[in-house]
Each structure stands twice: as structure tokens, then as C-alpha cells.
Amino acid sequence: MKHRAEYRDADRARRLAAEIARIVRRPWAIMEVCGGQTHALVRNGIDQMLPPEVEMIHGPGCPVCVTPVEVLDRAIAIARRPGVILCSFGDMLRVPGSRGDLFAAKGDGADVRVVYSPLDALAVAARHPDREVVFLAIGFETTAPASAMAAKLARDRGVGNFSLLVAHVLVPPAIEAIMRSPGNRVQAFLAAGHVCTVMGTGQYPPLAARHRVPIVVTGFEPLDLLDGILRTVVQLEAGRHEVENAYSRAVTDSGNETAQALLAEVFETVDRPWRGIGTIPASGWRLAAAYRDLDAELRFDVAGVTAAESPVCRSGDVLKGALKPDRCPAFGKECTPRTPLGATMVSGEGACAAYWYAGRRPRS
Amino acid sequence: MCLAVPGRVESIRVEAGVRMGRLNFGGVLKDVCLVSVPGIAVGDYAIVHVGFAIGRLDEAAARATLRTFAEIGRLEEELAELRATSDPDAASSSA
Ligand code: SF4
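Residues numbered from 1 in each chain as written. Chains lettered and ligands numbered in written order. Predicted model: local features only at pLDDT ≥ 70, side-chain atom pairs only at ≥ 80, totals over all residues. Heavy atoms only, no water.

Colleague: Help me out: how do you make sense of the overall build of chain B in this one?
Modeller: Counting its regular elements, chain B contains three helices and five strands. Going from the N terminus to the C terminus, chain B shows its helices and strands as β-β-β-β-β-α-α-α. For chain B, the proportion of its 95 residues judged to be buried stands at 52%. Counting contacts in chain B only where the partners sit at least 6 residues apart, residues at least 24 apart contribute 37% of the total. On chain B, roughly 3800 Å² of surface is accessible, and the fraction owed to carbon and sulfur atoms is 55%. (Helix = DSSP H or I, 4+ residues; strand = E, 2+ residues; numbered from the N terminus. Buried < 20%, exposed > 50% of the residue type's maximum accessible area, 1.4 Å probe, protein only. Contact = heavy atoms within 4.5 Å. Areas by Shrake-Rupley, 256 points an atom, 1.4 Å probe, with all protein chains shown as cover.)

Written out as C-alpha cells, the structure is:
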């Protein structure tokens, strides 16, 4: 597996890392919220370029990782019904539910299809009017607008055989929950750039003020990440706690207001369980009353399906930043991407898999 | 799947009342819903996530992002995902 590739800006990256080392005085723990950022940090060895004072804690921002086991169990139960086509993003197929995964259900004859977009799932429904087509709608604020559009078009076009199993989650309530959790070590956040492309930055100043924590909106490339970390350390050393936008080429203060209007029409906020973390108040979206007939949970009556985690897996501690993946006793032993015990090992954006693919091996 | 990737708008059409575009992602063409980027035109760049444009990007920034993603090996992963999910059945009916 290739990692720490040499890229055109590697020199500038080293200079940014040196600047961070020059200004840092005290130890700081900074959380990158987004799994895409975790992947980029680990893969490019950015966390290892940083001075020892700066510790990166890998946050819960991988939607595949935080989707609760019961959502997978519900998806599998629906997929196994006769006449159903279950459409999902590819990375959900190997995520372990309580008994098996969607891939296994497919092997047993269930019609499970990988789609690139919720809109492709809607197209499948239009082509198969005799089947019930269900889209497993996971993801953060970045992904939700596409799901909302699929729901709206299903309504507008009268596609009656299409529904969504919705498990969308939201970043700001997760930041709130992390700051409130006992023993929290996080002192600053890199907020996920693309979430803010949709939602803007307006949700963050109250959080930064309430918890006296700097929040820097950051992109996904090595230089973006180092720039975000540098700005965070500058604030921490100066005792400031502001919201800063280090990704202005893709993020405006107000975000994408057209997409926000679509989200407000189709979804409403709901308390949602996060895998490994527990229920976070108002941390997710479900279909609003006017769209509730498109809710697969109700259509297939699977809301009662509940589930339990693997007792060995410590992904909850990993997601909260209390444990580094390579310190988990199962990491690289019982648990590898081929035999994942927890969701953080399944998705390439999960912290455990990111460590594994970057060639890091057990330290416990 | 978290990543959003910049793509260049090659053509725009209205399909059953919805503004759709064919976008070019480092050589891979994909149909994308453009309702959330009103005013976007052929030749412009959009930030696209799961078939839906979530924002616009100026050309210099888009090119720089694509180049960096290519250099760090990220673009290949994303393009592989795009290619893997170009279901020919879906492509023929949506074209
Ligand atoms: S290494 Fe495996 S068992 Fe350990 S926390 Fe990560 S996913 Fe869970």
C-alpha cells in the first residue's frame, strides 16, 4: 500500500510543519472531525510530521463507521424480503451487523446493489416498477442533499416503489457531545470542509464560544490540513477560541442556501444513536412528516430491530479519541480489513483501517 | 465516500424538469444533479458528492485540487469508485 507519497507541495508541507513546531509551546490535542481528513492525515504521514506537542485525535466523522448496528440489521432484514432491491453505497456492504453483512445477504440471494448516488437508486426504482427499491441513506450534511433530492423527485414523479432507510447524522451535535463527554481531551477542532460547503460556518460560533474551543474549517489536502492545524495552534497558544475558515475556496459563511432549503423541506432533526458512542440529541435527520410515507423503516416495519456490538471491539473509544487504533488489543490480530470486528476497520475512512492501510502495526 | 471531488461541466440539460449536467472528473464522465448550483455554466467547475453538486469552485482551485489528489493517490481511488458504479443499465436509461 502506497503512503506518504511525494507530492509537488511536499516542501511547503515540511515548512508548515516546521512553523507549527516553531510556535508551539504546550501540548495540545486537536480533533479532525472528518474521516476523509483522518485518511489524508495518516496516509500522508502528516500526524507524524507534527511536533510531539501536537496530538491529532481522530474523530467520529466517518458515516460508515458511526452507522448503528441496528440500521445495518434493518437494512439486511429489508434486503432479504422477496421483491426488494436494496441500494447502498459500496462501503456499507462489508460493515458487520450483528449477524453477517449486506454482502453475505447478497451471497444468499438478496438483491443488493451498489450505487454511486441516491439518484441512481431512484432510477433503479423507475426501471423496476414491480419491485420495492430501498436506498440506505447514510452520511453527513455533505451527503444528505442528494438523499433529499431523491426523496423529492420520488414524490414529484410519483415513484411509489421507492423508499429510504435514513440514518443521516450531523456534525455540530457531535462536537457538542464530545466536548461534554467526561474525560474529554479535545481542545480544538478541524471542522470538515465539505460539510461547511453545504451548511456554511454559522453553526459553529456558539459552539466555539460555549466550550472555549477553536474551530477551524479545513480542507482535505495535505497543505490544507497543515494550514488548519497551524491556525488552530496559533489560536490555542494565544488563548483564543474563534471560528476560522481555512477553506474559503470551497466554503462561504452562509453555505449553499439552495441545498439547505431542500434539506429543510425533506428532513427534520431527530435524536440518533452513533455506533460506539451512543445516542446524541438532535444529531440526525429523518424524513419530515410530509415525506414520512417514503420511510423504509415504517414501510417494512423494522423499527423494532435492535442489535448489539462485538464485545471485543473498542471502536467507541477510538471514535471518542480515547484510544489510538494501534493500541487496540485486537488491531491487526483478530481485526483486519478482511476480518473487521468494528466499523472503524471496514471503511477506508475509519481510523482503524486508515492505520492499517498506512502500514501501521500493533503497539499494544 | 466522504470526499467531494471537483468536476468540469461539459454539458447541461433539463431532464423531467431537473437541471442535470455531464461532468468530467479527470477523464471520467458522470451525470450530476445541478439544482443546488443555479447559474453554473458549461466550462465551470462544481464540487460533487454522490452525484449531486454541492457548490462551485473556481477553475484554478479545482485544477490544483485535482492535481494534488492525483499526486497523493486519492484521485485514483475516487475514480475507481466512480467507474465501479457506472452501472451500464443505469447509464443507458439516464442518458
Ligand atoms: S482495531 Fe478492530 S476491534 Fe479494535 S477498535 Fe478498531 S475496529 Fe474495533
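Colleague: Whenever I open this one, the packing of aromatic side chains confuses me. Can you help?
Modeller: Each pair of aromatic rings is reported with the distance of its centres and the angle of its planes. Residues and elements named next belong to chain A. Applying the stated criterion across every chain yields a total of five aromatic pairs over all chains. Arranged with centres 6.1 Å apart and planes meeting at 75°, the rings of F220 and Y247 form a pair that is edge-to-face. A residue pair is termed long-range when its members are at least 10 positions apart, and F220 in the loop between β8 (215-218) and α12 (222-238) and Y247 in the loop between β9 (243-245) and α13 (257-266) qualify at 27 residues. Of the two residues, F220 and Y247, neither departs from the other in class, the shared state being buried. Taking 6.1 Å as the distance between ring centres and 75° as the angle between the ring planes, the aromatic pair formed by F331 and W356 counts as edge-to-face. Of this pair, F331 sits in the loop between α15 (315-320) and α16 (343-346) while W356 is found in helix α17 (residues 351-357), placing the two residues 25 residues apart along the sequence. The side chain of R94 reaches across the aromatic face of F103, ending 4.0 Å from its centre. The ring of Y291 carries the charged tip of R155 above its face, separated from the ring centre by 4.9 Å. (Phe/Tyr/Trp six-rings, centres within 6.5 Å; stacked < 30°, edge-to-face > 60°. Lys NZ or Arg CZ within 6 Å of the ring centre and 35° of its normal.)

Colleague: Honestly, helix α7 (residues 118-127) of chain A in this entry has me stumped. Any pointers?
Modeller: Residues spaced three or four apart along an α-helix face the same direction, because each turn holds 3.6 residues. Within α7 of chain A, the full set of buried residues consists of P118, L119, A121, L122, V124 and A125 of chain A. A distance of 3.0 Å separates the backbone nitrogen of L119 of chain A from a side-chain oxygen at the start of α7 of chain A, and that oxygen is part of S117 of chain A. (Polar contact = N/O pair within 3.5 Å; in protein donor to acceptor, adjacent residues only side chain to side chain.)

Colleague: Got a minute to help me understand the environment of S11 of chain B in this structure?
Modeller: Residue placement: S11 of chain B occurs in strand β1 (residues 5-15). Here the alpha-carbon distance between S11 of chain B and N24 of chain B, two residues 13 residues apart in the chain, equals 9.7 Å.

Colleague: When you look at the site of the ligand in this model, what are you seeing that I'm missing?
Modeller: Residue and element names in this part refer to chain A. Taken together, 13 residues form the shell around the ligand, and within it C313, C328, C335, T344 and C352 come nearest. Broken down by secondary-structure element, the contributors of at least two residues to the shell around the ligand are α15 and α16. Within the shell around the ligand, the residues separate by chemical class into nine nonpolar, three polar and one charged. (Near = heavy atom within 4 Å. Nonpolar A, V, L, I, M, F, W, Y, C, P; charged D, E, K, R; others polar.)

Colleague: Just checking my understanding: could you explain the domain arrangement of chain A for this structure?
Modeller: In many reports, interface size means the accessible area that the parts give up when they come together. Residue and element names in this part refer to chain A. Entries for chain A in the domain assignment read domain 1 (2-62 + 171-245), domain 2 (65-169 + 255-299) and domain 3 (315-357). If you average the C-alpha positions of domain 2 and of domain 3, the two centres end up 25 Å apart. Facing nine residues of domain 2, the contacting portion of domain 3 comprises ten residues. Between domain 2 and domain 3, the buried area comes to about 800 Å², and carbon and sulfur atoms account for 74% of it. Counting the surface domain 2 buries against domain 3, the share from its top three residues, C65, P96 and I277, is 53%. Taken together, domain 2 and domain 3 are joined by zero salt bridges. In this structure, the connection of domain 2 to domain 3 is made through zero residue pairs in polar contact (both at pLDDT 80 or more). (Domains from an automatic or database assignment. Buried area = accessible area lost by both parts, 1.4 Å probe. Salt bridge = Lys/Arg side-chain N within 4 Å of Asp/Glu carboxyl O.)

Colleague: Would you take a moment to explain unusual backbone geometry for this structure?
Modeller: Peptide bonds are trans in most cases, and residues, glycine excluded, mostly fall at negative phi. All names here are of chain A. Backbone geometry places A282, a non-glycine residue, at a positive phi of 50°. Considering the arrangement of structural elements, one finds A282 in strand β11 (residues 278-287). A residue is classified by how much of its surface remains accessible, and A282, at 37% relative accessible area, is partly exposed. Located in the positive-phi region is D301, a residue other than glycine, with phi close to 50°. Mapping D301 onto the fold places it in the loop between α14 (296-299) and α15.

Colleague: Just to check I follow, could you spell out the pattern of salt bridges for this structure?
Modeller: Opposite charge on two side chains permits them to pair, given that their charged atoms come into close proximity. Tallied over the entire structure, the rule returns 31 salt bridges over all chains. D108 of chain A is the salt-bridge partner of R80 of chain A, the closest N and O atoms lying 3.1 Å from each other. With R80 of chain A in the loop between α5 (69-79) and β3 (84-88) and D108 of chain A in the loop between α6 (102-107) and β4 (111-114), this pair connects stretches of sequence that are 28 residues apart. The exposure class of R80 of chain A is partly exposed, given its relative accessible area of 44%. With a closest N to O distance of 2.9 Å, D44 of chain B and R56 of chain B form a salt bridge. Remark: R56 of chain B occurs in strand β5 (residues 52-57) and D44 of chain B occurs in the loop between β3 (28-33) and β4 (45-49); sequence separation between them is twelve residues. Assessed through its relative accessible area of 41%, R56 of chain B is described here as partly exposed.

Colleague: It is not clear to me how the packing of helix α1 (residues 10-23) of chain A against α12 of chain A should be interpreted in this structure. Could you clarify?
Modeller: Between two packed helices, what matters for the description is the angle formed by their axes and the separation of those axes. All names here are of chain A. Between α1 and α12, the shortest axis-to-axis distance is 10 Å and the interhelical angle comes to 10°. By the angle between their axes, α1 is roughly parallel relative to α12. The two elements α1 and α12 meet at a crossing, and its hand is left-handed. Residues R12, A13, L16, A17, E19, I20 and I23 of α1 form the contact with α12, whose own contacting residues are L223, L226, D227, I229, L230, V233, V234 and E237. Per-class residue counts for the contact of α1 with α12 are eleven nonpolar, no polar and four charged. (Axes fitted to C-alpha atoms, helices over the stretch in contact; angles between N-to-C directions. Parallel < 35°, antiparallel > 145°, perpendicular 65-115°, else oblique. Left-handed = near helix turned anticlockwise from the far one by under 90°.)

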